[in-house]
Amino acid sequence: MSSGKPVDRASNNQSTAKPGIEARFQLKRKDFALDIDFAAPGKGVTALFGPSGSGKTTLLRCIAGLEKPTRGHFTINGQCWHDEHKSIPVHRRPMAYVFQEASLFPHLNVRENMAYGWRRMAKRQRKLQFDDVTAWLGLDALLDRRAEQLSGGQRQRVAIARALLTSPQLLLMDEPLASLDASGKAEILPYLESLWQELDIPVLYVSHAPEEVQQLADHLILLDQGRVVAAGELNALLTDPLLAISHFEEAAAVLEARVVSHDTEFHLTSLAFDGAQVSVSYNGLPLGHKARLRICARDVSLALVQPQKISISNSFSVRVVSIDPDRDPSQMLVRCEIGGQHLLSRITRRSVHLLNIEVGKNVYAQVKTVALMK
Amino acid sequence: MDFSQFDLQPVWLTLRLATITTVLLLCVATPLAWWLANTRWRYRQVINALVALPLVLPPTVLGFYLLLLLGPRGWVGQITQSLGIGVLPFTFSGLVIASVIYSLPFAVQPIQNAFAAIGKRPLEVAATLGASPWDRFISVALPLAKPGLLTGAVLGFAHTLGEFGVVLMIGGNIPGQTQVLSVAIFDHVEAYEYAAAHVLAAGMLGFSFIVLLALYWRTGQRSAEQV
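Values in this document were obtained by computation on a predicted structure and should not be read as measured data. (Residues numbered from 1 in each chain as written. Chains lettered and ligands numbered in written order. Predicted model: local features only at pLDDT ≥ 70, side-chain atom pairs only at ≥ 80, totals over all residues. Heavy atoms only, no water.)

Q: Give me the lowdown on the overall build of chain A, citing residues and values where you can.
A: Each helix and strand counted, chain A has eight helices and 20 strands in total. The C-alpha atoms of chain A give 23 Å as radius of gyration, which agrees with the globular expectation for 374 residues (21 Å, within 12%). Within chain A, the fraction of its 374 residues that count as buried is 55%. Taking the contacts inside chain A whose residues are at least 6 apart along the sequence as the reference set, 68% of them involve residues at least 24 apart. Charge centroids of chain A, computed over 44 positive and 40 negative side chains, lie 5 Å from each other. (Helix = DSSP H or I, 4+ residues; strand = E, 2+ residues; numbered from the N terminus. Rg over C-alpha atoms; globule rule 2.2 N^0.38 Å. Buried < 20%, exposed > 50% of the residue type's maximum accessible area, 1.4 Å probe, protein only. Contact = heavy atoms within 4.5 Å. Lys, Arg positive; Asp, Glu negative; His and termini not counted. Charge placed at Lys NZ, Arg CZ, Asp CG, Glu CD.)

Q: Kindly report on the sheet that holds strand β20 (residues 371-372) of chain A, identifying the contributing residues and their values.
A: Residues and elements named next belong to chain A. The five strands are arranged β13-β12-β11-β14-β20 in an open sheet whose pairing can be described as antiparallel. This sheet does not close on itself; its edge strands, each paired only once, are β13 (276-281) and β20. As paired elements, strand β11 (residues 252-263) and strand β12 (residues 268-273) share five bridges and run antiparallel to each other. Directly across from His 262, in β12, lies its bridge partner Thr 269. (Pairing = 2+ DSSP bridges.)

Q: Describe the sheet that holds strand β18 (residues 341-348) of chain A, naming the residues involved and giving the relevant values.
A: All names here are of chain A. Ordered in space as β15-β19-β16-β17-β18, the five strands form an open sheet in which the pairing is antiparallel. Each having just a single partner strand, β15 (300-303) and β18 make up the two edges of the open sheet. The average angle at which neighbouring strand axes cross in this sheet is 45 degrees, direction not considered. (Axes fitted to C-alpha atoms, helices over the stretch in contact; angles between N-to-C directions.)

Q: So what's going on with the packing of helix α3 (residues 59-70) of chain B against helix α5 (residues 92-118) of chain B? Which residues, and what values?
A: Residues and elements named next belong to chain B. Direction vectors running N to C along α3 and α5 enclose 135 degrees, while the axes themselves pass 11 Å from each other. Relative to α5, the element α3 lies oblique. Viewed along their axes, α3 and α5 form a crossing whose handedness is right-handed. Here Pro 59, Leu 62 and Leu 66 of α3 lie close against α5, whose contacting residues are Ala 98, Ile 101 and Tyr 102. (Parallel < 35°, antiparallel > 145°, perpendicular 65-115°, else oblique. Left-handed = near helix turned anticlockwise from the far one by under 90°.)

Q: Describe the nonpolar core, naming the residues involved and giving the relevant values.
A: Ranked by size, the top nonpolar core spans 74 residues in total, and within it Phe 38, Ile 63, Phe 74, Leu 170 and Leu 172 of chain A carry the most contacts. Per-element accounting of this core gives the leading share, 13 residues, to α5 of chain B. Beyond its immediate sequence surroundings of up to four residues, Phe 74 of chain A is in contact with Ile 21, Glu 22, Ala 23, Phe 25, Ile 63, Gln 79, Cys 80, Trp 81, His 82 and Leu 170 of chain A. Residues Trp 118, Val 133, Ala 147 and Leu 180 of chain A belong to the second largest nonpolar core, which totals 38 residues. (Core = buried A, V, L, I, M, F, W, Y, C linked by side-chain atoms within 4.5 Å.)

Q: Provide a residue-level description of the pairing of strand β4 (residues 71-76) of chain A, including the pertinent values.
A: Residue and element names in this part refer to chain A. Here β4 lies mainly inside the structure; five of its six residues are buried. Across six bridges, the pairing between strand β1 (residues 21-28) and β4 is antiparallel. Directly across from Arg 24, in β4, lies its bridge partner His 73. Of the pairings in the sheet, the one linking β4 to strand β5 (residues 79-82) comprises three bridges and is antiparallel in character. Each residue of the ladder has a partner; that of Phe 74, found in β5, is His 82. The antiparallel pairing of β4 with β5 creates a hairpin that spans two residues between the two strands, and Asn 77 there sits at a positive phi of about 45 degrees.

Q: With reference to specific residues and values, describe the pattern of salt bridges.
A: Throughout the structure, instances matching the rule amount to 15 salt bridges over all chains. Glu 124 of chain B is the salt-bridge partner of Arg 61 of chain A, the closest N and O atoms lying 2.7 Å from each other. Here Glu 124 of chain B lies in helix α6 (residues 121-128) and Arg 61 of chain A lies in helix α1 (residues 56-64), a pairing that spans two chains. An identical accessibility class is assigned to Arg 61 of chain A and Glu 124 of chain B; each is buried. The salt bridge involving Arg 121 of chain B is made with Glu 124 of chain B; its shortest N-O contact spans 3.9 Å. Of this pair, Arg 121 of chain B and Glu 124 of chain B both sit in helix α6, separated by three residues, roughly a single helical turn. The exposure class of Arg 121 of chain B is partly exposed, given its relative accessible area of 29%. Each member of the salt-bridge network shares a partner with another, and the members are Arg 29, Arg 61, Glu 67 and Glu 101 of chain A together with Arg 121 and Glu 124 of chain B. (Salt bridge = Lys/Arg side-chain N within 4 Å of Asp/Glu carboxyl O.)

Pasting the structure below:
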């Protein structure tokens, strides 16, 4: 029943390509205005983070071509999708879009849903094979089911497969976990974590959940009221005491580390980053494996001397970079640097005073809990 | 009862008229319904009201104006004459045109509602998956609006079967050309041929009931499936 001929999507002209994403959009609505200007790397996951009503979804829809901006400009790796002279129609943009609700076609079964975009691609543009994507997302047993027979998590897996099968050059995801319950989220997250490693394409990921950003993003763009508040590398922004994201209860730093040793006697795995080492529960990851550590600001305490005779074993030397008031007037946010990466410590104002903690001082960070993210 | 005078011609003529009308109706009503369901044109309600007019007008009013319009002095009539087609009133073609107009709201409204119920999302999804606007219409909008299309077709067909006033105004009562069932029944009754009138009238009653029953049955099963 296909009536669609394979579409030759805007061809990839990378010889003259300038890497990266550049976006400028202006859009006016009755009660909302979007005025966005940002640049993001042409690879990895860039999270668009902000409260609801900040324009995240509208921005993503502008990038997809689903929304007509008053004025706009969008280029990705040298290809222009939108400027004052032209706007490539949605169906010719080499991108895929995963909506918050899976939005499977109700008149098609799982296989037909997945094949919808795949069949419309010219054969030479198909970089991913149908069977590989099916196997990777664990959909073999579901292919003949109808959409209404699937759980929320299964539906979103099908929607992700359907999007990936168009071999996109940019993946847009609009809060793909937001409409799922806890078990649905747990079902999808591992796929999202490994997605970026499997595919070498840039991803723009809209979210309003700090944990998702900490877990998935490499790069962060913070939005508020239709404007870009800050844009930059994940670690730098998460630990910026001037940004709202560092004041959340679950504010945390994310650090890149490598697995260096396993201790079978005490069931521990050691990870190293920038001259410091921390231990987490044994996980069997191969030595040298790159992993992401999440350290909550509330779990980091500071000491002037190397702590001894204490149950916390994760401690290392850091340099104080800034000290700023927290939302809670009894607390301060201390930003510490260790070899180019930063972490936050939320300690009482009294402690800052009693220990005479100052900018530039070297102190010992004691970390009560380190979470291994991926 | 004298069956020698009984003639199946009006039955075949009516079925032929209803079939051709239904096919044309779907061709006209589907794009019109799609446009009405999607346009943001500020005067779209004018078109909505125009399409719905046959629902409220006495068929004679519609037939009267169509007669003037299609007649030798009407501007449509002048066009058809200059094209060498002649004038359409009191021909089968004239009947088809009148029927399409008369039954238009019965086809447009269910189809329009079906298109509106789909919402934007499935079409947006199809666009992001590489489907062109025409492709999206064929592969997503039409299949999802299928129940509405079916309802529109059945209602258009059944309504054409039963029309009387418009036919009488514009088609007259020419056996084999424009004499449809309802007019034939009227003739029989006028001539006190109640038996012949009964055969046609009862057949029509039974047929219409079965069509509507089938339609409701199907719609009922569909909504039960979705629970």
